[in-house]
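Residue-level structure breakdown
In case you want the letters, here they are:
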Amino acid sequence: MMDDFQLINDYIEQQRNDTRTLDEIRRLNEKFYFRLLNELKSKAKAKSKHDTNQNKIKIQNSENMSQHKNSTLDAIQEDINVANLPITELTKLRDDILSSNNNYLRKINDLEQLRVLQRPNYISEIHILDQQLTAMQIDISKKVEKYQDLIRFNSTNRKLLVSEQRGLNITPNPSVVGSPSAKKRKLFERNETESEFSNIITVSSTSDIEIREVCPDGRFVKLYNKGSKEFALRGYELVRTIAEQNVSTVFKFHGSVNLEAGNWLTVWSSTASNQIHKHSAGSIIMNIQAWVVGDLMATILLNPEGQEVATHGLKKRTGFSFTSQ
């Protein structure tokens, strides 16, 4: 730049002192102009090259930084994916547990509903079994007393026999006792005979109405008023259930059904209508229902509030009796 200024100063000084013609001045001006233009172009080109190199360096640095950042982001994303994998598995496990829990809750609800539905049957069966157990205990007590009486009677007879033998001076003959003829002698002959079918019946009542008789074949149910005044059956229900079976018969008394004191009322099954032609004062025929039957039947009379007022349990069985001759 100092050379340029010096050149300009020289040129100005030369213009002052030079007496050359205008053509020479114009030629010198053009020469100076082209020289100055070339120098400016050269400097501009050098500067442009320098700037281009600097920009390339900056671009390369930016690309390197971008690649480094991308690598860092990829590593971070991979760490996030690795961290999300257990979360996904735990979420799936949680969903499976919730689904299983819902299934168990549904099963518990179904079992609870089944328990509520079967509770009356079980209560009736337990009541019948309790009554049967009480009857068996009483029967066993009576048989034990009879057995003890027989033991005492046998002991007394043995003592009397020994006393008589001593009084008559008689001793037992072992040869007679142990002889084959004595072994073949029959002291008792027993004939075993099979009895008819017998049923175990249990009856209970908390009111004047009793369920006195139930047909084992399901033809009828008989009620009896043991009280001293008329009994209104409006709103009452007769329920028949069978143990270990999900079947039942429910008959509800509608209208004014009154049972006088000391009278019977028979509720006939619809299947027995061919034998009973019409309703009467002491009988009712169900329209389409029939009493269900089974080996263990429970018949319950419920009041309008759903409380038991009378029960009848019937268990079919086969018994055997023995007679001695």
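Residues numbered from 1 in each chain as written. Predicted model: local features only at pLDDT ≥ 70, side-chain atom pairs only at ≥ 80, totals over all residues. Heavy atoms only, no water.

Under the annotation held in an unreviewed UniProt entry, the chain carries the name LTD domain-containing protein and is attributed to Acyrthosiphon pisum. Within the UniProt record for the chain, the comment given under Subcellular location (unreviewed entry) is "Nucleus". (UniProt positions renumbered as here; feature names shortened; annotations may be inferred.)

**Considerations on the overall build of the chain**
Each helix and strand counted, the chain has four helices and 11 strands in total. Within the chain, buried positions represent 21% of all 325 residues. Across the chain, the fraction of contacts at a sequence separation of at least 24, relative to all contacts at a separation of at least 6, is 62%. Accessible surface, the chain: about 25,200 Å² in total, of which carbon and sulfur atoms supply 55%. (Helix = DSSP H or I, 4+ residues; strand = E, 2+ residues; numbered from the N terminus. Buried < 20%, exposed > 50% of the residue type's maximum accessible area, 1.4 Å probe, protein only. Contact = heavy atoms within 4.5 Å. Areas by Shrake-Rupley, 256 points an atom, 1.4 Å probe, with all protein chains shown as cover.)

**Some details on the pairing of strand β6 (residues 248–252)**
The alternating pattern of β6 places T249 and F251 on a buried face, while none of S248, V250 and K252, on the opposite face, is buried. Between strand β5 (residues 237–242) and β6, which pair antiparallel in sequence order, lie five residues; one of them, E244, sits at a positive phi of approximately 65 degrees. (Pairing = 2+ DSSP bridges.)

**Remarks on the packing of aromatic side chains**
Working definition: an aromatic ring pair is given by the centre-to-centre distance plus the angle between the planes. Considering all chains together, one arrives at five aromatic pairs under this definition. Geometrically, the ring pair formed by F231 and Y236 is edge-to-face, given 5.6 Å between the ring centres and 70 degrees between the ring planes. Taken individually, F231 and Y236 each receive the classification buried, so the pair is uniform in this respect. With 5.1 Å between their ring centres and 80 degrees between their planes, F251 and F253 make a pair best called edge-to-face. Across the pair, exposure class does not vary: F251 and F253 are buried alike. The ring of F220 carries the charged tip of K222 above its face, separated from the ring centre by 5.2 Å. (Phe/Tyr/Trp six-rings, centres within 6.5 Å; stacked < 30°, edge-to-face > 60°. Lys NZ or Arg CZ within 6 Å of the ring centre and 35° of its normal.)

**As for the sheet that holds strand β3 (residues 220–225)**
Spatial strand order, β2-β3-β8-β9: four strands in an open sheet with mixed pairing. Strands with a single pairing partner mark the edges of an open sheet, and in this sheet they are β2 (209–214) and β9 (283–285). Between one strand axis and the next, the sheet turns through 20 degrees on average, direction left out of account. For β3 and strand β8 (residues 264–268), the ladder comprises five bridges, and the chain directions are antiparallel. Looking across to β8, one finds that V221 is bridged to V267. (Axes fitted to C-alpha atoms, helices over the stretch in contact; angles between N-to-C directions.)

**Details of the nonpolar core**
I211, L223, L233, L238, F253, L265 and L301 are the most contacted members of the largest nonpolar core, which totals 25 residues. Elements that contribute at least two residues to this core include exactly β2, β3, β5, β8, β10 (296–302) and β11 (308–324). Not counting chain neighbours up to four residues away, the residues in contact with L238 comprise I211, V221, L223, T249, V250, F251, F253, V267, W291, T299, I300 and L301. (Core = buried A, V, L, I, M, F, W, Y, C linked by side-chain atoms within 4.5 Å.)

**Some remarks on the pattern of salt bridges**
A side chain with one charge may pair with a side chain of the opposite charge, provided their charged atoms come close. Enumeration according to the criterion identifies eight salt bridges in this entry. Here E112 and R115 are joined by a salt bridge, their closest N and O atoms 2.5 Å apart. In this pair, E112 and R115 are both assigned in helix α2 (residues 22–168), three residues apart and thus about one turn of the helix distant. On the accessibility criterion, R115 (44% relative accessible area) is partly exposed. Three or more residues joined by partner-sharing salt bridges are found here, namely E210, R212 and K226. (Salt bridge = Lys/Arg side-chain N within 4 Å of Asp/Glu carboxyl O.)

**Quick notes on the environment of V293**
Along the chain, the position of V293 falls in the loop between β9 and β10. Filtering out sequence-adjacent residues up to four positions away, V293 remains in contact with P216, D217, G218 and I242.

**A short note on the side chain of T249**
Of note, T249 is situated in strand β6. Side-chain polar atoms of T249 contact the backbone nitrogen of V292, separated by 3.2 Å. (Polar contact = N/O pair within 3.5 Å; in protein donor to acceptor, adjacent residues only side chain to side chain.)

**Some thoughts on the side chain of S269**
Its place among the elements puts S269 in the loop between β8 and β9. Among the polar contacts listed, one links the side chain of S269 to the side chain of T271, at a separation of 3.1 Å.

**A few points about the confidence of the model for the chain**
This prediction gives the chain a mean pLDDT of 79; 75% of its residues lie at or above 70. Per-residue pLDDT stays below 50 along residues 172–197; that stretch engages in 21 contacts with residues further than four places along the chain or on separate chains. (pLDDT = per-residue confidence, 0-100.)

**Here's the deal with a nonpolar patch on the surface**
On the surface, L73, I76 and I80 cluster together into a nonpolar patch covering about 260 Å² of accessible area. The residue I80 is located in helix α2 in this model. A relative accessible area of 38% means that I80 is categorised as partly exposed. (Patch = residues over 30% accessible without salt bridge, like charges linked within 9 Å, V, L, I, M, F, W, Y side chains within 5 Å.)

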